[in-house]
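What follows is the residue order along each chain.
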Amino acid sequence: MARHRIGIDVGGTFTDFVLVDMTETRLEFHKEPSVPDDPSAAVERGMRALVETFEVSLGDVELVVHGTTIGLNAIIQRRGARMALVVSKGNRDVLELARLRLPSSYDFTAPREIPLVPRDRVFEVGARMRSDGSVDEEPGRSELETLAARLRGAEVDAVAVMLLNAYRDGSLERAVSGALRAALPGVQVSESSAIWPEVREYERCLVAALNAYIQPLMTGYLDRLEARVEGQGVAAPIYITANNGGTLSVATARERPIETVLSGPASGVVASTRVGEVANQPRLITFDMGGTSTDISLCQAGVPEFTASTEVGDFPLMMPVVNVSAIGAGGGSILWVDAQGLLKVGPVSVGADPGPVCYGRGGTVPAITDCYLVLGVIDAARFLDGRMALDVEAAEAALCGLAERVGFSGPDRAREVAAAALRVASAKMAAEITKLLAQTGVDPRQYSLLAYGGAGPTHANLLVREAGIRSVLIPTAPGTFCALGAVLADVRRDYVRTAQHLIGTAAVLDGEPDGWPAIAAMLEALEDEAGAWVSHEGALVGTHDFVVSFNLRYPSQAYELTVIVPSDLRSGLDGGTVARLFHEEHHRRYGFSDPATPVQTTTIRLGVIGKVAPVDLPDAAPGRAEPRGRRPIWFEGERIPVDVFARAEVGAGAVVHGPAIIEQADTTTFLLPGWEARADRLGTLSLAEADAP
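Model, not experiment: these values are computed from the prediction. (Residues numbered from 1 in each chain as written. Predicted model: local features only at pLDDT ≥ 70, side-chain atom pairs only at ≥ 80, totals over all residues. Heavy atoms only, no water.)

1. Overview of helix 10 (residues 368–375)
For an α-helix, the turn length of 3.6 residues means that residues three or four places apart are oriented alike. The buried count for helix 10 comes to eight of eight residues, which makes it a mostly enclosed element. Just beyond helix 10, the residue with positive phi is G376, at close to 90 degrees. (Buried < 20%, exposed > 50% of the residue type's maximum accessible area, 1.4 Å probe, protein only. Helix = DSSP H or I, 4+ residues; strand = E, 2+ residues; numbered from the N terminus.)

2. What to know about the sheet that holds strand 5 (residues 83–88)
With parallel pairing, the four strands of this open sheet are ordered in space as 6-5-9-10. Sheet topology places strand 6 (122–125) and strand 10 (188–191) at the edges, where each strand pairs with a single neighbour. Here the strands of the sheet are splayed against their neighbours by 20 degrees on average, with no regard to which way each runs. Examined bridge by bridge, strand 5 and strand 9 (residues 158–162) share five bridges and lie parallel to one another. Bridging across to strand 9, A84 finds its partner in V159. (Pairing = 2+ DSSP bridges. Axes fitted to C-alpha atoms, helices over the stretch in contact; angles between N-to-C directions.)

3. Observations concerning empty space enclosed by the protein
Tallying each qualifying case throughout the model produces three cavities of 30 Å³ or more. Its volume calculated, the largest cavity comes out at about 60 Å³. Along the walls of the largest cavity sit W196, N243, N244, E259, M319, P320 and D494, which together make up its complete lining. Looking at the lining of the largest cavity residue by residue, the class counts come to three nonpolar, two polar and two charged. Space inside the second largest cavity adds up to approximately 40 Å³. The wall of the second largest cavity is formed by L63, V65, Y239, T247, A489, V491, L540, V541 and V612. Counted by class, the lining of the second largest cavity contains eight nonpolar, one polar and no charged residues. (1 Å grid on protein atoms, 1.4 Å probe; cavity = no way out; pocket = protein on both sides within 12 Å on 5 of 7 lines; lining within 4 Å. Points joined across faces, edges and corners; volume = space filled by probe spheres on them. Nonpolar A, V, L, I, M, F, W, Y, C, P; charged D, E, K, R; others polar.)

4. Observations regarding the pairing of strand 11 (residues 238–241)
Covered by surrounding structure in strand 11 are I238 and I240 together with Y239 and T241, the residues of both alternating faces. Sheet topology places strand 4 (residues 61–67) next to strand 11; three bridges connect them, and they run parallel. In the strand pairing of strand 11, V65 is matched with Y239. By the bridge criterion, three bridges tie strand 11 to strand 12 (residues 247–249) in an arrangement that is antiparallel. Counterpart to Y239 in the pairing with strand 12 is S249. If you look at the hairpin formed by strand 11 and strand 12, you'll find five residues sitting between the two strands, and G245 has a positive phi there, around 90 degrees.

5. Points about unusual backbone geometry
For the bond running from G658 to P659, omega is 5 degrees, close enough to zero to count as cis. Tracing the chain through its elements places P659 in the loop between strand 31 (655–657) and strand 32 (660–663). The residue E55 is not glycine, and still its phi comes out positive at about 55 degrees. Position of E55 among the secondary structure elements: in the loop between helix 1 (39–54) and strand 4. Accessibility expressed as a relative area gives 73% for E55, which makes it exposed. The phi dihedral of L100 falls on the positive side, at around 55 degrees, and the residue is not glycine. Along the polypeptide, L100 turns up in the loop between helix 3 (94–97) and strand 6.

So, in structure tokens, the structure goes:
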């Protein structure tokens with residue numbers, strides 16, 4: 001019996017699909033234009049296209065994994081629910097005060113961010129915990145009834161509850177939230193201790209508030225998604241990609257939508273680790289260049305880099321996410337001229353509608369994609385495998401108008417300004433990559449750039465030449481790579497507890513009580529809670545494993561280091577071992593350590609990973625690469641002829657010498673003169689200078 005899985009990634013321009021045939025170890029790919037007003041409509045159309053194109057039965061689908069940016073877009077565009085915030089008495093200004101930091105240290109006129117919840121919808125209640133977890137003040141029944149009446153009068157769709165010190169014990173928050181749920185049917189309530197019980201009241205408040213802000217919108221979308229998928233005859237469970245590179249059941253995603261807002265980029269990083277493993281490249285810089293932006297991330301020893309300090313729109317998010325950084329323009333980023341007459345690229349994008357000028361949908365502002373087309377890198381007749389014709393003349397006309405404003409003239413002015421725009425984009429991205437890598441002590445020459453997204457392979461060779469990176473990896477289906485990552489991911493959820501204790505031999509020698517027994521008890525409780533959760537995430541989840549880490553510091557330090565406990569040390573773990581790991585990481589990061597000083601824990605972190613039966617990536621057929629034609633491109637001020645190859649015909653072991661164009665349905669790879677591309681057993685292209693060792 002055939003068994004299939006479907007991975008779906010909703011982007012701003014296209015919705016990407018990957019169909020996995022688990023029986024025959026086969027992958028099929030499809031791109032469907034996105035529907036911004038209702039992304040589930042594109043999902044429905046795309047699933048019908050899978051049936052028609054690849055002759056599969058959707059009744060044989062055993063799993064659907066879906067990534068969406070609905071929550072993220074709602075936060076950025078401030079289109080979430082009308083919500084209220086309930087706080088402890090005297091704490092009404094928690095969002096107004098924030099961290100009392102200027103938006104820009106050098107610009108006193110920069111406006112501060114507008115709080116997510118206006119002050120007139122922030123309500124106080126006489127409920128507060130002490131820092132030791134005991135109850136300081138508890139509301140009576142009449143006070144809760146009055147609070148519910150005020151919330152009802154405010155006509156809110158969602159409520160967030162954040163009481164002081166509730167990270168120590170969430171029972172009081174649960175009591176307040178339970179009373180509000182009973183009194184306000186149809187209003188969704190999120191309490192901070194259930195979403196993310198970590199010290200730092202402003203950030204904890206934001207996590208709960210953001211969850212409440214997008215919950216009604218996400219709940220409605222997930223309901224429509226389930227209905228549309230079931231309407232296609234799919235009875236399989238639907239999972240939603242998560243910020244940490246894992247997946248969540250639809251039920252969990254409804255309760256905790258904040259865990260999905262940064263999931264799209266994370267899925268591509270997950271797929272990168274699999275491709276890098278086969279290519280024997282454990283050190284990767286992932287490069288995802290799509291229609292609106294470009295994101296990078298680091299993978300070391302085959303493991304993505306995580307962070308618990310990132311931003312969503314205007315707001316900090318302290319939950320663990322795959323550490324993805326936006327570094328520049330995408331294929332839809334516009335070209336413009338500033339007041340000084342300098343050519344600029346991005347950050348504004350033309351979006352899916354109208355799109356670049358060459359799309360012929362009424363766009364008038366040239367974008368990066370128009371540059372690729374006018375330079376000859378993209379073939380107007382073969383874009384999306386010929387399903388979408390591009391208008392070269394319209395792109396040239398738009399670029400000619402821009403060229404005159406920056407001083408280009410003559411018959412080739414459109415190509416000259418297009419080439420200049422690509423140099424600007426490359427320089428901007430290279431500068432951002434260099435800065436980000438320097439901050440983490442990484443030498444780019446020791447890493448490979450793994451390029452995906454619709455524009456990633458097209459721009460990758462230009463970028464690495466600028467940034468000093470020595471090699472590039474391009475997977476077999478770069479334009480749908482995040483959808484592949486979605487279907488490769490295991491189920492995962494992260495847990496946190498605040499625990500401020502001294503550990504290690506030095507603490508005991510100083511006469512301090514050893515905090516490890518308390519930490520070990522918290523860790524055991526977290527494992528029990530996480531194990532119970534993952535056991536209810538669906539029949540496809542098999543065994544599970546834990547990832548344990550700690551936020552640690554020397555006493556009186558104002559910052560912490562996150563230390564991950566290696567799996568072989570988790571059995572019999574003790575405070576001395578954790579302290580030693582911290583000293584080693586501190587020395588690696590800063591060049592010194594002080595083993596004679598006690599180590600203080602601030603946070604315990606535990607991730608539970610529910611294993612899903614793995615997807616085997618198919619091997620590519622062996623073969624030589626033969627060009628299917630030649631065409632001229634404009635490169636470095638002149639027209640040069642290049643060989644054009646079909647990606648499907650570049651078999652395992654084949655070598656392509658630059659300059660060359662390698663075309664496929666979802667992207668085009670541009671190979672510079674003096675470089676060569678070699679295909680490994682999966683068909684992944686490895687680009688390097690021809691004379692490189």
